[in-house]
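Listed below are the residues making up each chain.
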Amino acid sequence: MEAENLYTFLSITIMEIFEKMMSLKIHEERDSDNVDWQDGQYLTAFVALTGKLQGNIYLKCSLNLASKLTGKLLLMEGASFEDDEIRDAMGEIVNIVGGKFKALYSEVYLNDTNLIQMTVPTVVIGKSFEMYVYGDVHVVKTLLDIEDEKISVSLELQMN
Amino acid sequence: MDGEMLIGMLTDGVEKIFATMVQLNVRCEQNQEEMDLPPKHLTAMVGFAGTHIGLVSIHCSHEVTQKICGKMLNMTPGTLTPEDIRDALGEISNMIGGVFKSRFVEMIPGSENIFEQSIPSVISGEDYATFAITDAPRYCITVTSEENDIFYVELALKEA
């Protein structure tokens, strides 16, 4: 499993989901997660991969950007949303991101998309928390600038 | 899937893991209320994916986590590093998930290889909340140690 290939899969996933599917203009900063997340509440949505690939895929952003992404996903831009709607939407977005990444990885390395499964999405919201995956992992991360706000997209995959 | 049966499997798993691996006797009761956790706490979870999807998570205050992880690692509470605590709690969630999965396979005929288990994820911080984005039925048990410390274990599971 080469880190460069993982980054390529992540980059393609980002383009497909955020640019094409959600029609967002993004600016990408590879290998970066340089954001002061302590300024207010923020949200992390993740799915876990199991089977031939083990690890997590994360999206991390402010609640404000999460609300905007909810509007994009639901084709209701500018609307206000309840907390559970935002959580559901971000869970769905990370699910889509995970599914795309899984499909790309499976096509190149496995020839079978059924050898990797995804768990239910989980969303964590708060002012001050950190997340960890148990064990030694490859980390691939990128930071997207969307309408002057940041969203971190990252993978933590178990080393073989 | 029968809820009482699932709660029974989960309870068996928790009691067995704590008795054998943590050297701590615990009793479990189904919890129908909101979890009573202080702002500063930890969550460790494993996900299930395949023909059934869901997750098992354990939620503890920092103080209780120090105690149970100290017991497991045979170290004095207060001397554990944050890494020790995260790894130990992650391992506990991994073991609970593994025992639950084994019980599930035993009690549901034909369910061998029914689902994969993800590697553990651990969340640590203050003033955060976790949400599993699923319509799967959820079950929560209150776990009380022989030293009267309380923590919680949750299960969400449904057919994919």
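See above for the structure.
Keep in mind that what you see is a predicted model, and the values were worked out from it rather than measured. (Residues numbered from 1 in each chain as written. Chains lettered and ligands numbered in written order. Predicted model: local features only at pLDDT ≥ 70, side-chain atom pairs only at ≥ 80, totals over all residues. Heavy atoms only, no water.)

### Brief notes about the overall build of chain A
Each helix and strand counted, chain A has 3 helices and 7 strands in total. In terms of overall dimensions, chain A is globule-like: its C-alpha atoms have a radius of gyration of 15 Å, near the 15 Å expected for 160 residues. Oriented by its inertia axes, the alpha-carbon framework of chain A measures out at about 40 × 30 × 30 Å. Residue pairs at least 24 apart in sequence account for 69% of intrachain contacts in chain A once pairs closer than 6 positions are excluded. Accessible surface, chain A: about 7400 Å² in total, of which carbon and sulfur atoms supply 43%. Computed over 13 positive and 26 negative side-chain charges, the separation of the two mean positions in chain A equals 2 Å. (Helix = DSSP H or I, 4+ residues; strand = E, 2+ residues; numbered from the N terminus. Rg over C-alpha atoms; globule rule 2.2 N^0.38 Å. Contact = heavy atoms within 4.5 Å. Areas by Shrake-Rupley, 256 points an atom, 1.4 Å probe, with all protein chains shown as cover. Lys, Arg positive; Asp, Glu negative; His and termini not counted. Charge placed at Lys NZ, Arg CZ, Asp CG, Glu CD.)

### Side note on the side chain of Q117 of chain A
Within the secondary structure, Q117 of chain A is located in strand 4 (residues 116-118). Within the structure, the side chain of Q117 of chain A is placed 2.6 Å from the backbone oxygen of N114 of chain A, a separation counted as a polar contact. Every residue in contact with Q117 of chain A, bar those within four places of it in the chain, is listed here: A48, L49, T50, G51 and K102 of chain A together with A49, G50 and E116 of chain B. (Polar contact = N/O pair within 3.5 Å; in protein donor to acceptor, adjacent residues only side chain to side chain.)

### Remarks on unusual backbone geometry
One non-glycine residue, S23 of chain A, adopts positive backbone phi at about 55°. Relative to the helices and strands, S23 of chain A resides in the loop between helix 1 (3-21) and strand 1 (26-30). With a phi angle near 60°, Q23 of chain B is a residue other than glycine that sits in the positive phi range. Residue position: Q23 of chain B is located in the loop between helix 1 (3-20) and strand 1 (26-30).

### Section: the interface of chain B and chain A
Taken together, the 30 residues of chain B in the interface contact 30 residues of chain A. Among the residues chain B hides against chain A, the three largest losses belong to I119, F131 and I133 of chain B. Together they make up 29% of the total. Across the contact surface, chain B and chain A share 12 residue pairs in polar contact (both at pLDDT 80 or more). Only strand 2 (40-50), strand 3 (52-61), helix 3 (82-107), strand 4 (115-117) and strand 5 (121-132) of chain B provide two or more residues apiece to the side of chain B that touches chain A. The element that contributes the greatest number of residues to the side of chain B that touches chain A is strand 5 of chain B, accounting for 12 residues. (Buried area = accessible area lost by both parts, 1.4 Å probe.)

### Structural notes on the pairing of strand 2 (residues 42-51) of chain A
If a strand is regular, its side chains alternate between the two faces of the sheet. All names here are of chain A. By the criterion of burial, strand 2 is predominantly enclosed, with 9 of the 10 residues buried. Linking strand 2 to strand 3 (residues 55-62), which pair antiparallel, is a turn of 3 residues. Bridge count between strand 2 and strand 5 (residues 122-133): 5 bridges; the pairing is antiparallel. Note that in strand 5 the partner of Y42 across the bridge is G126. Summarising the sheet, strand 2 and strand 4 pair through 3 bridges and their orientation is antiparallel. Bridging across to strand 4, G51 finds its partner in I116. (Buried < 20%, exposed > 50% of the residue type's maximum accessible area, 1.4 Å probe, protein only. Pairing = 2+ DSSP bridges.)

### Some details on the nonpolar core
The biggest cluster of nonpolar side chains holds 42 residues, and the ones touching the most others in it are F18, L59, L69, M90, F101, I146 and I151 of chain A. No other element matches helix 3 (residues 83-110) of chain A, which puts 8 residues into this core. Other than its neighbours up to four places away in sequence, L59 of chain A contacts F18, L43, T44, A45, M90, I93, V94, V97, I151, S152 and V153 of chain A. Counting residues in each nonpolar core, the second largest holds 40 residues, with V56, A88, M95 and I96 of chain B among its members. (Core = buried A, V, L, I, M, F, W, Y, C linked by side-chain atoms within 4.5 Å.)

### Examining the packing of helix 1 of chain A against helix 3 of chain A
Residues and elements named next belong to chain A. Their axes nearest at 9 Å, the elements helix 1 and helix 3 cross at an angle of 135°. Viewed along their axes, helix 1 and helix 3 adopt a mutual orientation that is oblique. Relative to helix 3, the crossing made by helix 1 is right-handed. Within the contact between the two elements, helix 1 uses N5, L6, F9, L10, I12, T13, E16, I17, F18 and M21 and helix 3 uses I93, I96, V97, K100, F101, L104, Y105, V108 and Y109. Partitioning the contact of helix 1 with helix 3 into residue classes produces 15 nonpolar, 2 polar and 2 charged. (Axes fitted to C-alpha atoms, helices over the stretch in contact; angles between N-to-C directions. Parallel < 35°, antiparallel > 145°, perpendicular 65-115°, else oblique. Left-handed = near helix turned anticlockwise from the far one by under 90°. Nonpolar A, V, L, I, M, F, W, Y, C, P; charged D, E, K, R; others polar.)

### Here's the deal with the pairing of strand 3 of chain A
All names here are of chain A. The buried count for strand 3 comes to 8 of 8 residues, which makes it a mostly enclosed element. Note that strand 2 and strand 3 share 8 bridges and pair antiparallel. Bridging from a neighbouring strand, T44 pairs with K60 of strand 3.

Nothing here speaks to function; it is all geometry.
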